[in-house]
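As a plain string of letters, each chain reads:
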Amino acid sequence: MYELEQINRYLRKFELDEAHIKKCYEMIPDPESKVDSGEKLYIACKTQYDINTIGSFIENITQGIDKGYIVAAIKKTATQFSYVSKIPRIAFYVVVLSKIVK
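Residues numbered from 1 in each chain as written. Predicted model: local features only at pLDDT ≥ 70, side-chain atom pairs only at ≥ 80, totals over all residues. Heavy atoms only, no water.

Undergrad: How should helix α6 (residues 89-100) be read in this particular structure?
TA: Because the α-helix completes a turn every 3.6 residues, residues three or four places apart line up on one side. End to end, α6 covers 17 Å across 12 residues, agreeing with the expected 16 Å (1.5 Å per residue, within 8%). For α6, a buried count of 12 out of 12 residues is recorded, marking the element as mostly surrounded by other parts of the structure. When α6 is considered as a whole, its buried residues turn out to be Arg-89, Ile-90, Ala-91, Phe-92, Tyr-93, Val-94, Val-95, Val-96, Leu-97, Ser-98, Lys-99 and Ile-100. (Helix = DSSP H or I, 4+ residues; strand = E, 2+ residues; numbered from the N terminus. Expected span 1.5 Å × (residues − 1). Buried < 20%, exposed > 50% of the residue type's maximum accessible area, 1.4 Å probe, protein only.)

Following this line, the structure appears as structure tokens:
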């Protein structure tokens, strides 16, 4: 799942504005390449290492945003996805970005 239409459908339950989803989605450089294999389709967010890795990626595309703010957004998003056994990578990035980018 990496196309904007799929992401919009998946994130309906998060009650995010479609225009904001699109804005955040478009910040992700080449979403298709982020999920170009089965192992990359989903993301883990259980350990500090996972959080730091995601944080570095988000920090690179939101230059100027405080790392602590990014980590807090990642943890909050991970809590929202806690009921999901396989978290779609691009959808997760979009939700994190929606908490950071206004």
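More follows now that the structure is in view.
Undergrad: I would appreciate a short explanation of the packing of helix α5 (residues 67-80) against α6 in the present structure.
TA: Two quantities define a packed helix pair, namely the angle between the axes and the distance from one axis to the other. Where α5 contacts α6, the two axes come as close as 9 Å, and the packing angle between them is 130°. Looking at the two axes, α5 sits oblique to α6. In this structure, the crossing between α5 and α6 has a hand that is right-handed. Residues Tyr-69, Ile-70, Ala-73, Ile-74, Lys-76, Thr-77, Ala-78 and Gln-80 of α5 form the contact with α6, whose own contacting residues are Phe-92, Val-95, Val-96, Lys-99 and Ile-100. Counted by class, the contact of α5 with α6 contains nine nonpolar, two polar and two charged residues. (Axes fitted to C-alpha atoms, helices over the stretch in contact; angles between N-to-C directions. Parallel < 35°, antiparallel > 145°, perpendicular 65-115°, else oblique. Left-handed = near helix turned anticlockwise from the far one by under 90°. Contact = heavy atoms within 4.5 Å. Nonpolar A, V, L, I, M, F, W, Y, C, P; charged D, E, K, R; others polar.)

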